[in-house]
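Each chain, letter by letter, is given below.
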Amino acid sequence: MAIDKKTVEYVAHLARIELQPIELERLSLQLDDIIGFIDKLSCLDAEQIKSASHILPVCNVLRDDEPHICLTPEKALENAPSKKGNFFSVPKIIE
Amino acid sequence: MTELNHLTAHELLDKLSKKEATAQAIQGALYTRIQKIDKKVKAYLRMDKLISSESIKTKAEEPGRNGFNLYGLPISIKDNICTQGFVTECCSKILQGFNPPYDATVINKLKEASAEIFPLKTNMDEFAFGSSTENSYFGATHNPWNLDCVPGGSSGGSAAAVASDEAIWALGSDTGGSIRQPASFCGVVGLKPTYGRVSRFGLIAFASSLDQIGPITKDVRDAAILSQIISGFDPKDSTSINQPVPEYTKSLGLDIKGLKFGIPKEYFVEGMDAEVKIIIQEAIAKLNTLGAFSHQVSLPHTEYAVPVYYIIATAEASSNLARFDGVQYGYRAKSDNLIQMYKKTRGEGFGDEAKRRIILGTFALSHGYYDAYYLRALKARTLIKQDFDKIFKDFDCIITPTCPTAAFKIGEKTKDPLKMYLSDIYTISVNLAGIPAISIPCGFTKGGLPVGLQIMAKAFNEEVLFRVAHAYEQNTQWHKLKPKL
Amino acid sequence: MKYQTVIGLEVHLQLKTKTKAFCSCAIDFGKTPNSSCCPVCLGFPGTLPVYNKEALNSAIKVALALDCQIQEHTKFDRKNYFYPDLPKNYQISQFDLPLSKNGFLNITTGGNSKRIGITRVHLEEDAGKLIHEADMSLVDFNRTGIPLLEIVSEPEISSPQEAFDYLTSLKSIIEYLDVSDCDMEKGSLRCDANISLRPEGVKELGIKTELKNMNSFKGVKDALTFEVIRQTELLINKSVMAQETRSWDAEKGATISMRSKEGAKDYRYFPDPDLGAFIIDQGQINNIKELLPELPQGKLKRFMINYALSEYDARILVSSKKDSEFAEECLKQYPEKDKKHIVNWLIGPLMSEAHARKINLHETGIDILELINLIGFVAREEISHLSAKSVLSQMLDSKKSALELINENNLLQISDTGELEQIILAVIQENTKSANDFKVGKTNALMYLVGQVMKKSSGKANPKTVQELIRRRLT
Ligand SMILES: [Mg+2]
Ligand SMILES: [Zn+2]
């Protein structure tokens, strides 16, 4: 399975990454190369195999419903690139 | 007299307890060393945070609260492990200035042992994406054994700092070899613990199902001590395992007579450097003279490890790194439209390798490709794990080279990502299978570059790794050699 | 051509646990923005989720109450999309192995009962709140990470009224379980609706519209009603219909096309590697089953059997948990074996009084024994039904006893025949025509005469006794 520029562009949009034209060009070639290599996997007869979503030998990890101390709003917002009062602020949502 | 910074942690603990050294003197020696040589090695970040050795004030002596006492011993921390009070940026522009309001669990455990968290963090590939520490926003780290070479990666800063005596010991993280490969390239000891052994809370995630924090040290004893301190169940990490941690230092000094080692034939094929091959064979011979038996074994699905890894790791990374969007923390590009702000922030904030991996991972999860890539990779991962399960029924350890080559030249592989990916070929399977593995120095190339021996064991059997690694180390001198800087 | 409406509902329910789903932040409403937050729910790097035990228990309760099969193996997945109310830019949700599947909900609609299939009940986490200003949007993460349940119905609802009834029944069950506030206006229950039309007799579904932003059950019904009309017109005019998401504008009373954030196929679901799987065994399910409170359906049956209530009466009394508890207390304390009187008083006058006061049955504050006393006065025919209703109303306002109020208002009926005979005599004398009519067999005349006696006695005469006395006198 090869990957073309259009697919890379679409996937970059899903990942919300702006690519400069030259980056898109280069990345498309590199990804095509990498995916060509990864396609080795298609030789594997995997029909009968259970997929391991976790290799972990544990399950049912739960915590008690007991509250801890929250951050103060000041601390929560300390790293924010932009804030207004006690809110984080983002540019207008235009879709 | 040897400078204090040249010593191992356990040697220094000994000196501290005998009052032959002070916390201040140890830190002073480190600062002097860093000031003198980090210009060449570039193991550390944000050098402006380095205060002069005269103004060093260590906290009052206080024994550890968790049964360990590391008072007076500084530890260097990779930049992807959150440290309250010190900026943690994962060597990425996108996390610019991030000041975590929390400590990683490993940092808490170290603080409870009274360890000194060294104020300078170590360099790494951005978000641990790389095998050479060339993908850092702050520039490359150099290999102390040959400054034209890479130190390996992604924990290249930690490994180079330990190798050059700019650190006593350090923490790294290993997703596909990021502790073991730089340890091998820099001639130091590096351990990737069993998945779930060490809490990941506070480790900025690359690939959640593969990441583990581990020690990078000057010898095996230090690795055992540090592992024991940072290991153990953490209620804040659903993937940490509630199992008691054995006293690792008890495994040191035991002989290895009668242990059975598997030598996987798939690891000794083309692509492997001829010199490395000889050095590894000599190391195996050495282990045999110590009473172990080695037999050739097969891990038949090894060829799938790299493709499986690059699907699973990038898929998880694409989602883990979605949070870096300029809203709650880090870098934000200017824009008056949200979606453009996202795209610009991430386009400008991530480096090339990060973008490559995020896009590859997004692709592997996207509609129409999920079954062919991600799901198939999960299945192949099961096969790879089963390969190991089978061997460990009959063998105590698996012995391989850590890397197919010694350290390569800076810039040698940056143009060809696939070539770079293939340098992890011997370390990746361990992460996929969730098992522990250690890399120890086992020789040098004619060019004077260190070569690492990798020892793997079944899950939760770090003890046998320390036992074998220590037995080998005590019968060789490699770990005592120092780079000339 | 006639069209058939096909509706499926997707309900999101906030569970009222003490803490959030994946971190230990207290759930606290109406607080300062971003004050119920920690590094985990703010999506800070390196933080990890650990699921809330109580949320899982509550979820299993809901799934069991909806007769779903709890899946033995369940796990969390990540639903990936970028939005500023989602700090990690993925929502922890469930995809291919939900907590439970294949349940149903019995609803009563138009006097009939109907079974609506429940496709699945799964676990997820809530997003934050956005406030849109002219030049920017503000984000508050207090709500982020509150445990949610998503309850998806089969497309088996066939009218807006049925959708309303489905929600009412669902809310009633959840209230019985006491796991959520179920308040649509406050957002603890949210509902999206999928609706499509198809020509009668046709099997395959038409093109569906997803409706969002309704904030009351009535809003859901109104939006669906609007949509039925809109889609019918499109179909009749053979206009092109697009699969789209539309937003309900309650003020305009119309749905408006909205652009969706990311297409469903772009969510890139995959198992969350930060959370292990959950294996829920039958033992655990049985334990929770045993702890389940009686549910509306069970209480309905029990009321019908224990108190010999009609299904109609019982259904009214059990629809709200607290009302049903109050009603049962009344039923228990009512000394007669036949509960008909007390039930009629509960669903009749008392409920009207409650409605008029905009409160629930159990909130009227009436002393149950006093209510029973009042009913006794009526049953013994000491006061008229009409007078009793006015006494009831006064009881709610004044907290005085029934007897006090009856005396104050001088409402005791005249059953003393001597006194009545005098009035009757006077009435017959004044209405000789009617008296004669009755004598020749015109029975209607009797009722007229009784009415006249009642009037003369200002309603205090016992109509039965009056009738008897007139009959005796005139035959
Ligand atoms: Mg949902
Ligand atoms: Zn929180």
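Residues numbered from 1 in each chain as written. Chains lettered and ligands numbered in written order. Predicted model: local features only at pLDDT ≥ 70, side-chain atom pairs only at ≥ 80, totals over all residues. Heavy atoms only, no water.

A look at the overall build of chain A
Move 1: Looking only at helices and strands, chain A has three helices and three strands in total.
Move 2: For chain A, the sequential pattern of α-helices and β-strands runs α-α-β-α-β-β.
Move 3: The principal-axis extents of the C-alpha atoms in chain A amount to approximately 55 × 45 × 20 Å.
Move 4: Across the 95 residues that make up chain A, the buried fraction comes to 46%.
Move 5: Taking the intrachain contacts of chain A between residues at least 6 apart in sequence as the baseline, contacts between residues at least 24 apart amount to 23%.
Move 6: Approximately 5,100 Å² of chain A is accessible, and the part contributed by carbon and sulfur atoms is 54%.
Move 7: Mean positive and mean negative side-chain charge positions of chain A (11 and 16 charges, respectively) differ by 7 Å. (Helix = DSSP H or I, 4+ residues; strand = E, 2+ residues; numbered from the N terminus. Buried < 20%, exposed > 50% of the residue type's maximum accessible area, 1.4 Å probe, protein only. Contact = heavy atoms within 4.5 Å. Areas by Shrake-Rupley, 256 points an atom, 1.4 Å probe, with all protein chains shown as cover. Lys, Arg positive; Asp, Glu negative; His and termini not counted. Charge placed at Lys NZ, Arg CZ, Asp CG, Glu CD.)

Observations regarding the interface of chain B and chain A
Move 1: Contacts between chain B and chain A engage 66 residues on the former and 55 residues on the latter.
Move 2: Between chain B and chain A, a total of about 5,300 Å² is buried, with carbon and sulfur atoms accounting for 71% of that surface.
Move 3: Where chain B packs against chain A, one counts two salt bridges.
Move 4: Here chain B and chain A share 13 residue pairs in polar contact (both at pLDDT 80 or more) between them. (Buried area = accessible area lost by both parts, 1.4 Å probe. Salt bridge = Lys/Arg side-chain N within 4 Å of Asp/Glu carboxyl O. Polar contact = N/O pair within 3.5 Å; in protein donor to acceptor, adjacent residues only side chain to side chain.)

Details of the coordination of the zinc ion (ligand 2)
Residue and element names in this part refer to chain C.
Move 1: Within the protein, Cys23 (SG), Cys25 (SG), Cys38 (SG) and Cys41 (SG) serve as the donor atoms for the zinc ion (ligand 2), at 2.3 to 2.4 Å.
Move 2: For the zinc ion (ligand 2), the four donor atoms in the first shell make angles of 98 to 115° at the metal, a pattern classed as tetrahedral.
Move 3: The motif formed by the donor residues of the zinc ion (ligand 2), counted along the single chain, is C-x1-C-x12-C-x2-C.
Move 4: Judged by its relative accessible area of 5%, cysteine 23 is buried.
Move 5: Among the residues examined, cysteine 25 registers a relative accessible area of 0% and is labelled buried. (Donors = N, O, S within 2.8 Å, 3.2 Å for Na, K, Ca; no water. Tetrahedral: all angles 85-135°; square planar, octahedral: opposite > 155°, others 65-115°.)

What to know about the sheet that holds strand β6 (residues 90–93) of chain C
One key point about sheets: their strands pair by backbone hydrogen bonds, in either a parallel or an antiparallel sense.
Move 1: Judged by pairing direction, the sheet is antiparallel, and its three strands sit side by side in the order β6-β5-β16 (chain C) without closing on themselves. Among the strands making up the open sheet, the edge pair consists of β6 and β16 (270–271) of chain C.
Move 2: Sheet topology places strand β5 (residues 77–80) of chain C next to β16 of chain C; two bridges connect them, and they run antiparallel. When the sheet's bridge partners are listed, aspartate 77 of chain C is paired in β16 of chain C with proline 271 of chain C.
Move 3: Strands β5, β6 and β16 of chain C of the sheet are contacted by helix α8 (residues 305–320) of chain B, whose axis makes an angle of about 60° with β5 of chain C. (Pairing = 2+ DSSP bridges. Axes fitted to C-alpha atoms, helices over the stretch in contact; angles between N-to-C directions.)

Things to note about the interface of chain C and chain B
Move 1: With 29 residues of chain C at the contact, the number on the chain B side is 38 residues.
Move 2: Across the interface of chain C and chain B, roughly 2,700 Å² is buried in total on both sides, 61% from carbon and sulfur atoms.
Move 3: In terms of surface lost to chain B, no three residues of chain C exceed Pro45, Leu48 and Arg268 of chain C, which account for 23% of the buried area on that side.
Move 4: Our enumeration of links across chain C and chain B arrives at 16 residue pairs in polar contact (both at pLDDT 80 or more).
Move 5: When the residues that make up the side of chain C that touches chain B are grouped by side-chain class, the tally is 19 nonpolar, five polar and five charged. (Nonpolar A, V, L, I, M, F, W, Y, C, P; charged D, E, K, R; others polar.)

Examining the sheet that holds strand β15 (residues 254–258) of chain C
Residues and elements named next belong to chain C.
Move 1: Sheet architecture is open: nine strands sit in the order β3-β7-β8-β11-β1-β12-β13-β14-β15, paired in mixed fashion. This sheet does not close on itself; its edge strands, each paired only once, are β3 (69–70) and β15.
Move 2: Bridge count between strand β14 (residues 244–249) and β15: five bridges; the pairing is antiparallel. Its bridge partner being in β15, serine 247 is matched across the sheet by isoleucine 256.

Some words on the packing of helix α1 (residues 53–65) of chain C against helix α2 (residues 160–177) of chain C
Residue and element names in this part refer to chain C.
Move 1: Contact geometry of α1 with α2 gives a least axis separation of 10 Å together with a crossing angle of 135°. Relative to α2, the element α1 lies oblique. Handedness of the α1/α2 crossing: right-handed. Across the interface between the two elements, Lys61, Val62 and Ala65 of α1 pack against Ile173, Ile174 and Leu177 of α2.
Move 2: Its residues assigned to classes, the contact of α1 with α2 shows five nonpolar, no polar and one charged. (Parallel < 35°, antiparallel > 145°, perpendicular 65-115°, else oblique. Left-handed = near helix turned anticlockwise from the far one by under 90°.)

Some points on the nonpolar core
Move 1: If you look at the biggest cluster of nonpolar residues, it comprises 152 residues, and the most contacted ones within it are Phe127, Phe388 and Ile455 of chain B.
Move 2: Phenylalanine 127 of chain B has contacts with Cys90, Ser92, Ile94, Leu95, Ile204, Phe206, Leu321, Phe324 and Phe350 of chain B, leaving out every residue within four places of it along the chain.
Move 3: Counting residues in each nonpolar core, the second largest holds 102 residues, with Tyr3, Ala55, Val179 and Met351 of chain C among its members. (Core = buried A, V, L, I, M, F, W, Y, C linked by side-chain atoms within 4.5 Å.)

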